[in-house]
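Overview (structure and organization)
What follows is each chain in one-letter form.
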Amino acid sequence: MLDGLKLKLDGTAAAAETVRRKRRTLVNAANYAVDLGELRENPITAVRWQKPKVSNQVDPRVVANPEQARNLLAAVSYVGGYRRARGRRLVGLFAAMYFGGLRPAEAVGLVETDLVLPEQGWGSALLHRTRPSVGQTVDGLGGDPRRPRAQEPTD
């Protein structure tokens, strides 16, 4: 059964993190069965199982290289008219995502006061909110500013 977790429905290998998540869910379900008295002990924890290895390498086919990023930034600068500045805003958005490694919602929530920009070299950004836009807004008022993932609030 555990080896079945390593495969997707089409029979190809699943990603290591997906397999770990599926196994964790299965272990929790078996623990719940133990709590209900359906099982005497969790049979999954007794099985020796080889965890899949997580690859730390980035697949160059899915990440833009610097030349592709420059071409993308040049292309989006032409979106919309000059007076509307839509293209210029998109350049800032995509540049923050590429060079800063930001998620789209983090890049949209970025404001100038969040940035530390030295005269030379790389600067830094303090992310204190995100601007997710998924379907309807959570608060019903047109916005749902949230803190970035895995960042504790500071008072």
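The structure contained in this document is the topic of the report that follows. The shown structure was predicted, so the numbers you read here are calculated from the model rather than taken from an experiment.

**A few points about the packing of aromatic side chains**
- This model, assessed by the stated rule, comprises two aromatic pairs.
- Ring plane angle 85° and centroid distance 5.0 Å describe the contact between tyrosine 98 and phenylalanine 99, whose orientation is recorded as edge-to-face.
- Arranged with centres 6.4 Å apart and planes meeting at 50°, the rings of phenylalanine 99 and tryptophan 122 form a pair that is tilted. One end of the pair, phenylalanine 99, is in helix α3 (residues 86–100); the other, tryptophan 122, is in the loop between β1 (115–116) and β2 (124–125), with 23 residues separating them in the sequence.
- Following the ring pairs from residue to residue traces out a cluster consisting of Tyr98, Phe99 and Trp122.

**Some words on α3**
- Taking 1.5 Å per residue as the helical rise, α3 with its 15 residues ought to reach 21 Å, and the 21 Å between its terminal C-alpha atoms agrees with that figure.
- When we look at burial in α3, the residues that qualify are Gly87, Ala95 and Ala96.
- Residues of α3 that are buried make contact with α2 (66–76) and α4 (104–108).
- Positive phi shows up at glycine 101, right after α3, with a value of about 65°.

**Observations regarding helix α1 (residues 16–36)**
- Its 21 residues give α1 an end-to-end C-alpha distance of 31 Å, which sits within 8% of 30 Å, the value for a rise of 1.5 Å per residue.
- Taken residue by residue, α1 has Ala16, Val19, Arg23, Val27, Ala30 and Ala33 as its buried positions. Down the axis, α1 shows its buried residues gathered within 115° of arc, on one side only. Seen from the buried face of α1, the exposed residues on the opposite side, beyond 90 degrees, are Tyr32 and Asp35.
- With its phi angle positive at about 90°, glycine 37 sits one or two positions after the end of α1.

**Considerations on the packing of α2 against α3**
- As a packed pair, α2 and α3 sit with axes 8 Å apart at the nearest point and diverge in direction by 160°. Put simply, α2 runs roughly antiparallel to α3. Here α2 runs over α3; the crossing is right-handed. Note on element contacts: α3 touches α2 through Gly87, Leu90, Val91, Phe94, Ala95, Tyr98 and Phe99, opposite Pro66, Ala69, Leu72, Leu73 and Val76.
- Considered class by class, the residues forming the contact of α2 with α3 number 11 nonpolar, one polar and no charged.

Conventions adopted
Residues numbered from 1 in each chain as written. Predicted model: local features only at pLDDT ≥ 70, side-chain atom pairs only at ≥ 80, totals over all residues. Heavy atoms only, no water. Phe/Tyr/Trp six-rings, centres within 6.5 Å; stacked < 30°, edge-to-face > 60°. Helix = DSSP H or I, 4+ residues; strand = E, 2+ residues; numbered from the N terminus. Expected span 1.5 Å × (residues − 1). Buried < 20%, exposed > 50% of the residue type's maximum accessible area, 1.4 Å probe, protein only. Contact = heavy atoms within 4.5 Å. Arc of directions from axis to C-beta. Axes fitted to C-alpha atoms, helices over the stretch in contact; angles between N-to-C directions. Parallel < 35°, antiparallel > 145°, perpendicular 65-115°, else oblique. Left-handed = near helix turned anticlockwise from the far one by under 90°. Nonpolar A, V, L, I, M, F, W, Y, C, P; charged D, E, K, R; others polar.

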